[in-house]
2 protein chains.
Amino acid sequence: MSLAQLEAVARLFAVLSEPSRLVLLQLLHAGPRTVTELMAAARMKQANASKHLSVLHAHRLVRRTRNGTCVKYEIADPTVVSLCNLVCSKMQRDAKRAAALFSPKI
Amino acid sequence: MSLAQLEAVARLFAVLSEPSRLVLLQLLHAGPRTVTELMAAARMKQANASKHLSVLHAHRLVRRTRNGTCVKYEIADPTVVSLCNLVCSKMQRDAKRAAALFSPKI
DNA sequence: TCAGTATATAACCATACAGTAATGTGTCAA
DNA sequence: TTGACACATTACTGTATGGTTATATACTGA
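Quick caveat, the model's predicted, so the values are computed rather than measured.

What counts and how
Residues numbered from 1 in each chain as written. Chains lettered and ligands numbered in written order. Predicted model: local features only at pLDDT ≥ 70, side-chain atom pairs only at ≥ 80, totals over all residues. Least-squares fit on C-alpha atoms with pLDDT ≥ 70 in both. Contact = placed C-beta atoms within 7 Å. Near = placed C-beta within 6 Å. Helix = DSSP H or I, 4+ residues; strand = E, 2+ residues; numbered from the N terminus. Nonpolar A, V, L, I, M, F, W, Y, C, P; charged D, E, K, R; others polar. Pairing = 2+ DSSP bridges.

Visitor: What am I meant to see in the relation of the copies chain B and chain A here?
Guide: Two chain copies here: they are related by a rotation about an axis and a translation along the same axis. Under the fitted operation, chain B is carried onto chain A by 0.0 Å of movement along the axis and a turn of 180°, and the coordinates agree to an RMSD of 0.1 Å. The operation mapping one copy onto its partner corresponds to a two-fold rotation axis. Here 100% of the interface residues in chain B have copies in chain A that are interface residues too; the copies meet face to matching face.

Shown next, in the form of structure tokens:
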């Protein structure tokens, strides 16, 4: 892969490297939500939630639909779910291995 | 998922959000390499390569083996390969869609 | 022990970005 | 048109981190 391609990959990972955005994605995984719903559930200030949602939208991870004065967001790319699942299963493996170190079966 | 778990996931994505580290991982994907080999191939300074490798090692993505004065690194967790493959295929889809916008079949 | 090589770490600076407050934009109802 | 609401954007500050230089550590051979 070229450096430019690796930089694009890195940018996508950077989008997912922020806990606040993962919280938003997790909430959206349960279904479409408005900004107000999301900021309430994630306990963020409005500007902060809006900014993070804009980042997710700029990278086409979420889709937005205006409905009156509300804007409803939803997950646009199932890739993010796959990515998070992969990382979660890795972390579970690591955690199990770490736990085994504390209580060996010797 | 709890906030603490999401933070751990975010930290792992942050490790992968640096082009230099992706370059190193890509080189290691071809097989084990020493620090000197990696810094030459990636055109990094020694301290920089060593620092990035330490980050990868701290997150158990690579394994290191001392052999005399040399240290050989190799990919320790195949998860990183899967993650990168997922992201790459997403980017290819996005690129194709973007290309279609410039030359519609209408 | 000493010199030389390979790697790791420390200290520093510059940049990027998350969170915040204030303000702007768009939509609806009256 | 005006007021109210939902959301987006701007400007700012503090913090985290990548790249660099200099130094420390680990190993080998003489």
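Visitor: Would you take a moment to explain the protein's contact with DNA strand C for this structure?
Guide: Inspection of the region around DNA strand C gives 22 residues, with A:Ala47, B:Thr34, B:Thr36, B:Ala47 and B:Thr69 positioned closest. Contributions of two or more residues to the surface near DNA strand C are made by α4 (46-58) of chain A together with α3 (35-42), α4 (46-58) and β3 (70-75) of chain B.

Visitor: Please clarify how the interface of chain B and chain A should be interpreted in this entry.
Guide: Many structure descriptions define interface size as the accessible area lost when the parts assemble. On the side of chain A, 29 residues touch chain B, which itself brings 29 residues to the contact. Secondary structure elements with two or more residues in the side of chain B that touches chain A: α1 (3-15), α2 (19-29) and α5 (79-102) of chain B. No other element matches the 10 residues that α5(B) contributes to the side of chain B that touches chain A. Looking at the side of chain B that touches chain A residue by residue, the class counts come to 19 nonpolar, 4 polar and 6 charged.

Visitor: Looking at this structure, how should I read the environment of A:His57?
Guide: Residues and elements named next belong to chain A. Turning to its location among the elements, His57 is positioned in helix α4. With 56 residues separating them in the primary sequence, His57 and Met1 have C-alpha atoms 26 Å apart. Not counting residues within four places of it along the chain, the set of residues in contact with His57 comprises Val62 and Arg64.

Visitor: Quick question: what am I supposed to make of the pairing of strand β3 (residues 70-75) of chain A here?
Guide: Residues and elements named next belong to chain A. Of the pairings in the sheet, the one linking strand β1 (residues 33-34) to β3 comprises 2 bridges and is antiparallel in character. Across the sheet, the residue bridging to Arg33 is Tyr73, located in β3. Examined bridge by bridge, strand β2 (residues 62-67) and β3 share 6 bridges and lie antiparallel to one another. Counted as the bridge partner of Arg63 is Glu74 from β3.

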